[in-house]
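Examining the three-dimensional arrangement
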Amino acid sequence: MNKSFDEIVASLIEVIKQSESYQEYVSAREKVEHDSDLLWKIDEIRKLNMRIRSIQNSDEAYDEMDKLEKRCDELSEDQRVYDFIEAENQFMGMYQEISRRILEEIKLI
């Protein structure tokens, strides 16, 4: 039996939703989604991580990275924030691996 494209995509989405990585992400998200202070901290960590990734290699950059990493550590002292960031990173890693493998198989990378 030949499955349609939409059926195959729906199946992939269901497999992703059933994965341990996604389930942990959803659980962590539910613990923070109604607390504006925690959401602010998570957003701040995301911004700091983006800044860390954009810094070029130089002595000044290492000092700035050190400051940013310390601030990230402070923000993630709340276990719920830390758990959410970790779960989100794990899930995004899985998502990126799926994307990479698809692109590789169809020879786009």
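This structure is a prediction, so every number in the text was calculated from the model and none was measured.

Points about the overall build of the protein
Along the protein, the regular secondary structure elements total 5 helices and 0 strands. A compact globule built from 109 residues would reach a C-alpha radius of gyration of about 13 Å, whereas the protein, at 18 Å, exceeds it by more than 25%. Within the protein, the proportion of its 109 residues that are buried is 25%. Contacts spanning at least 24 positions in sequence make up 63% of the contacts within the protein whose residues lie at least 6 apart. Seen as two clouds, the 16 positive and the 27 negative side-chain charges of the protein have centres 3 Å apart.

Considerations on the side chain of Ser19
With respect to the helices and strands, Ser19 occurs in the loop between α1 (5-18) and α2 (20-32). Take Ser19: its relative accessible area is 14%, and that puts it in the buried class. Separated by 3.2 Å, the side chain of Ser19 and the backbone nitrogen of Tyr22 make a polar contact.

A word on the environment of Lys47
With respect to the secondary-structure elements, Lys47 resides in helix α3 (residues 36-54). Placed 32 residues apart in sequence, Lys47 and Gln79 show a C-alpha to C-alpha distance of 19 Å.

Some points on the nonpolar core
Membership of the largest hydrophobic core comes to 22 residues, with the highest contact counts inside it found for Tyr25, Ile42, Ile45, Val81, Phe84 and Ile85. Breaking this core down by element, the ones donating at least two residues are α2, α3, α4 (59-75) and α5 (79-105). When near neighbours in sequence (up to four residues on either side) are disregarded, Ile45 contacts Cys72, Leu75, Ser76, Val81 and Ile85.

Examining the packing of aromatic side chains
According to the stated counting rule, one finds 4 aromatic pairs in the structure shown. Geometrically, the ring pair formed by Tyr25 and Phe84 is tilted, given 5.7 Å between the ring centres and 40° between the ring planes. Linking Tyr25 in helix α2 with Phe84 in helix α5, this pair joins segments that are 59 residues apart in sequence. The buried category is assigned to Tyr25, whose relative accessible area is 14%. Its relative accessible area of 4% is what places Phe84 among the buried residues. Aromatic rings pair up to connect Tyr22, Tyr25, Phe84 and Phe91 into one cluster.

The rules behind each value
- Residues numbered from 1 in each chain as written.
- Predicted model: local features only at pLDDT ≥ 70, side-chain atom pairs only at ≥ 80, totals over all residues.
- Heavy atoms only, no water.
- Helix = DSSP H or I, 4+ residues; strand = E, 2+ residues; numbered from the N terminus.
- Rg over C-alpha atoms; globule rule 2.2 N^0.38 Å.
- Buried < 20%, exposed > 50% of the residue type's maximum accessible area, 1.4 Å probe, protein only.
- Contact = heavy atoms within 4.5 Å.
- Lys, Arg positive; Asp, Glu negative; His and termini not counted.
- Charge placed at Lys NZ, Arg CZ, Asp CG, Glu CD.
- Polar contact = N/O pair within 3.5 Å; in protein donor to acceptor, adjacent residues only side chain to side chain.
- Core = buried A, V, L, I, M, F, W, Y, C linked by side-chain atoms within 4.5 Å.
- Phe/Tyr/Trp six-rings, centres within 6.5 Å; stacked < 30°, edge-to-face > 60°.

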